[in-house]
Structures are given as C-alpha cells and as structure tokens.
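Read off the chains here:
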Amino acid sequence: MKNRIIHHTIVNILDPIYEKIFVDNNYANRINKGSIAALKKFDTFKRKISKNGILVPYAFNNNMVKGYILKADIRKFFDSIEQKRLIEILKRKIRDEKVIWLIIKILKNFDNKKVGMPLGNMTSQFFANVYLNDLDYFVKHRLKMKYYIRYVDDFVILHENKEKLEECKDKINKYLKHLKLELHPDKSKIFSIYKGVDFLGFKIFYFYKLVRKRNVSYFNRKLDEFIEKYKTNEITKEKFMESVRGWFAYIMWGDTYKLRKNILRNISRSIKLCFFLFFTLLFFTNPSNFSTLHFHIFSAL
C-alpha cells in the first residue's frame, strides 16, 4: 500500500510537467486518451490515407482500399530500458534532487539491476512514455509522419506509400539504437490496409474490426473459470458481473455481435434469469452507458 502511494505521488508530481510536452499521438496511460481513443484515431487515419476508401486497382471487393500500415513493436521494451538513460532524460525537466533520488530508489528496487523496469507499476507506465517521448518527436517532426499512434511500446504509422514506410522503419530502427532499443523483427511489418492489422486487441480492416482469436480463446477459458467459481461461491455476483462487463465494454467497439451472442448463450446456461437479464441489456447498450447501467441493474438484483 505504501509503495502504491509513493508511485502515485511521483506521477502526480511529474504528470503536469510532461503532459505539456507529450505529443498528441501518445495514447497510453494519459487522461482523455487510452485504447478506445487510439482505436477511434486509427479509424480517422485510415480514412484519410485511403481518401475515404478509394479501392486499389483490380480490387476483388469493397474492402480492398488503398494505403499501408507500419505495425511495430519494440523488442523486450521494459526489460531493455536503461535506467541511467532514463534518469538523464528526467533530469532535463526535473531539477529537484529529492525527486530524482526517490525515482532512483524505485528503479533500484527492481532486482537492483541497471537495465529494465517492472511491469504494472504506475511509475513504470509513466516512465515508458517519458523514455519514448524522443521517439514520438523523431517520428512526428523529423520523419514528418502525421498518421502515427503509439500505445506504450506498440505503434502504427499509416501512409499511402509503402516505400515511404519501409524508409521510416529503417530510420526508426537506427534511431532506437540511441535509446538502446530495437524493433521486434517478427512483430514489426508493413501491411496493406485491406489485409488487416493487429492493434490493441483487434484485427482491424477498413470496414470492420474483429477481436483477435487469441484474446477470445483466453476470455472463454476465464469465463468458464468464473462460472465455475460463481457456482461454488468462490467469487461473488459482483465480481462475476464486473469481470464480464469489462470484457463487453471493450469488445463492443468492434464488430462482435456474434461473439457477444455466444458469450451470453454460454452464461445463460449457468446463471439465473435476473443475472441473464443484466447481460442481455448489456449486450444491446452503448458502451458509454455501461457504468450507469451497471449501477441501476445491479442494485435491483
């Protein structure tokens, strides 16, 4: 608990300073940003580079629109961050030696290593944005890529020209050496928009988004576990609903009618009617209304 307070305190000190210099295209762990906002921005960018869906020559169907996407992933990002380099970057803006000392203490608590940060800590997520802020500026201002979105160490660049993206990929990889990082060779590739790209849990095409199969398989396994635990009173009704509600809130941003229908069918085999009513209403409700819906229905169960 004390550690969490310290992490929150540091972020509260640093956030007003860095929020002024973070580029708009950085979507992770920021107020009024997040994965849903990043997906919406992706939709805007794909329309712009394809000029609202102009088809490639000799297209076989209406989904074969013009344009390309560089989908990139930084190899072993959190394990590769140089703590000394991070401190040097922080010192550009932070003059208070006590704050720097406290940050160093937090970093040293990570197995007393000189390289790497733990996953999940609030400060680690914030420091990731600080560490890659130079990359954001490089892509936006040096390479002049307007249609760029970064979410932690995962980023995409959209462009109408494939050769331009190949050039960008090469320059970014060279630039990352300056930060002691590199692109993942197997996860950093250029795709035609119409072939789709994996980003933030979805396989995104021009006209639709599908939840990645791996994510669906994982959730189905977890759902079976939660149903069994609920039936044996290992978890409460509140815990069960909260878990499924969170999943629905995300997948509703894709084209997931059949998926949600199958999930409801699975749940309906194992739970009572009022429970099923909750999820049925959830199925047909706009994601932005989830919090209000949850409060009113749950209080009536």
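Numbering of residues begins from 1 in every chain and follows the order in which that chain's sequence is written. In keeping with the model being predicted, local features are shown solely for residues with a pLDDT of at least 70 and side-chain atom pairs are shown and tallied solely at 80 or more, while totals for entire chains, interfaces and linings include all residues. Side-chain metrics rest on all non-hydrogen atoms present in the structure, leaving aside hydrogens and water.

Draft legend 1. Expanded view of the layout of surface pockets. Approximately 490 Å³ is the volume attributed to the largest pocket. A pocket here means an open set of points on a 1 Å grid, computed over the protein atoms alone, that has protein on both sides within 12 Å along at least five of seven lines. A cavity is instead a set of points where a 1.4 Å probe fits but cannot get out; residues with an atom within 4 Å of a point line either one. Together, 19 residues line the largest pocket, and Lys 71, Asp 73, Asp 154, Lys 187 and Arg 212 are the ones closest to its centre. Helix numbering and strand numbering both begin at the N terminus, where a helix is a DSSP run of H or I of at least 4 residues and a strand a DSSP run of E of at least 2. The set of elements that each furnish at least two residues to the lining of the largest pocket consists of strand 1 (68–73), strand 4 (189–192) and strand 5 (197–199). Here the lining of the largest pocket is composed, by residue class, of 6 nonpolar, 2 polar and 11 charged. Grid points are joined across faces, edges and corners, and a volume is the space filled by probe spheres set on the points. Of the pockets and cavities examined, the second largest pocket occupies roughly 210 Å³. Lining the second largest pocket are 14 residues; nearest its centre among them are Asn 3, His 7, Lys 105, Ile 106 and Asn 109. Secondary-structure elements contributing two or more residues to the lining of the second largest pocket are helix 1 (2–18), helix 5 (97–108) and helix 6 (122–131). Here the lining of the second largest pocket takes 4 residues from helix 5, the largest share from any one element. Under the scheme applied here, ten amino acids are nonpolar (Ala, Val, Leu, Ile, Met, Phe, Trp, Tyr, Cys and Pro), four are charged (Asp, Glu, Lys and Arg), and all others, including Gly, are polar. Residue composition of the lining of the second largest pocket, by class: 7 nonpolar, 6 polar and 1 charged.

Draft legend 2. Summary view of a positive patch on the surface. Patches in this entry comprise residues that are over 30% relatively accessible and not in a salt bridge; like charges within 9 Å are linked, as are nonpolar side chains (Val, Leu, Ile, Met, Phe, Trp, Tyr) within 5 Å. Using a 1.4 Å probe, the Shrake-Rupley method yields the accessible areas, and only the shown protein chains count as cover for residues. Just to be clear on terms, a salt bridge is a Lys or Arg side-chain nitrogen sitting within 4 Å of an Asp or Glu carboxyl oxygen. Asp and Glu count as negative and Lys and Arg as positive, but His and the ends of the chain are not part of the count. Just so you know, the charge point we use is NZ for Lys, CZ for Arg, CG for Asp and CD for Glu. There is a patch of like positive charges on the surface, built from Lys 258, Lys 261, Arg 265 and Arg 269. By secondary structure assignment, the location of Lys 261 is in helix 11 (residues 257–268). Judged by relative accessible area, Lys 261 falls into the partly exposed class, the value being 39%. Only protein chains enter the accessibility calculation, which uses a 1.4 Å probe; a residue is then buried when its area is under 20% of its type maximum, exposed when over 50%, and partly exposed in between.

Draft legend 3. Seen up close, the side chain of Lys 33. Within the secondary structure, Lys 33 is located in the loop between helix 1 and helix 2 (35–49). What makes Lys 33 buried here is its relative accessible area of 19%. Of note is the side chain of Lys 33, whose polar atom sits 2.6 Å from the side chain of Asp 24. Residues contacting Lys 33, with those up to four places away along its chain left out, are Asp 24, Asn 26 and Tyr 27. Counting of polar contacts relies on pairs of N or O atoms within 3.5 Å, with two restrictions inside protein: one atom must be capable of donating a hydrogen and the other of accepting it, and residues adjacent in sequence are counted only when both atoms are side-chain atoms. The contact criterion used throughout is that any non-hydrogen atoms of two residues lie within 4.5 Å.

Draft legend 4. Layout of the packing of aromatic side chains. Pairs were defined over the aromatic rings of Phe, Tyr and Trp, the Trp ring being its six-membered one, requiring ring centres within 6.5 Å. Orientation was assigned from the angle between planes: stacked under 30 degrees, edge-to-face over 60, tilted for the rest. Tallying each qualifying case throughout the model produces 13 aromatic pairs. Ring centres of Tyr 18 and Phe 126 lie 6.0 Å apart, and the angle between their planes is 80°; on these two criteria the pair is classed as edge-to-face. Here Tyr 18 is found in helix 1, whereas its partner Phe 126 is found in helix 6, with 108 residues between them in sequence. Residue Tyr 18 shares its accessibility class with Phe 126, and that shared class is buried. Aromatic pair Phe 77 and Phe 78: ring centres 5.1 Å apart, planes at 75°, arrangement edge-to-face. Of the two residues examined, Phe 77 and Phe 78, each falls in the buried class. Among the aromatic side chains, those forming a connected cluster through ring pairs are Tyr 18, Phe 22 and Phe 126. When the ring centre of Tyr 27 is taken as origin, the NZ or CZ atom of Lys 33, which lies over that ring, is 4.4 Å away. Working rule: Lys NZ or Arg CZ, within 6 Å of ring centre, within 35 degrees of ring normal, means a charge sits over the ring. The ring of Tyr 206 has Lys 46 lying over it, and the distance from NZ or CZ to the ring centre is 5.7 Å.

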